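Working through the structure, step by step
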Amino acid sequence: MLQITERAAEMYKDDMELTSDDEVRLFVRGAEGFFLGVDRDHSEQGDWTVVVNGVHFFIKEDDLWLFENKTLDFCEKGDCIKLH
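As the structure is a prediction and not an experimental result, all values here were calculated from the model.

1. Considerations on the nonpolar core
Core analysis: the biggest nonpolar cluster contains 17 residues, and Leu 2, Ile 4, Leu 26 and Phe 57 have the highest contact counts within it. Elements with a contribution of two residues or more to this core: helix H1 (6-15), strand E2 (23-29), strand E5 (55-59) and helix H2 (64-67). Non-local contacts of Ile 4, meaning those with residues more than four positions away in its chain, are made with Ala 9, Leu 26, Val 50, Val 52, Phe 57 and Leu 72.

2. Considerations on the pattern of salt bridges
As enumerated under the stated definition, the model contains 6 salt bridges in all. The shortest N-O distance in the salt bridge between Arg 40 and Asp 22 comes to 3.6 Å. Here Arg 40, found in strand E3 (residues 35-40), pairs with Asp 22, found in the loop between H1 and E2; they are 18 residues apart in sequence, far enough to count as distant. Arg 25 is paired through a salt bridge with Asp 63; the nearest N and O atoms lie 3.6 Å apart. On the criterion of sequence distance, the pair formed by Arg 25 in strand E2 and Asp 63 in the loop between E5 and H2 is long-range, its members being 38 residues apart. A residue is classified by how much of its surface remains accessible, and Arg 25, at 22% relative accessible area, is partly exposed.

Rules used in this analysis
- Residues numbered from 1 in each chain as written.
- Predicted model: local features only at pLDDT ≥ 70, side-chain atom pairs only at ≥ 80, totals over all residues.
- Heavy atoms only, no water.
- Core = buried A, V, L, I, M, F, W, Y, C linked by side-chain atoms within 4.5 Å.
- Buried < 20%, exposed > 50% of the residue type's maximum accessible area, 1.4 Å probe, protein only.
- Helix = DSSP H or I, 4+ residues; strand = E, 2+ residues; numbered from the N terminus.
- Contact = heavy atoms within 4.5 Å.
- Salt bridge = Lys/Arg side-chain N within 4 Å of Asp/Glu carboxyl O.

Structural data, given as structure tokens:
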């Protein structure tokens, strides 16, 4: 399943000003291709969840296919997140 690096989690924590009560939903979005969507939301039973560096991430079952065997990491060439 998806691996999320501590550097990526820290970037979301800082950029989104997350507190310990916040949860971050990762999802598939796009019309002409698929892109990573990120939003504050609340997880439900059955969602895939993981806590990295104090950040609670979750993915709905319908979106799991995009994240299979991927890594979410910080880009070395700037302030961005890369899914590879």
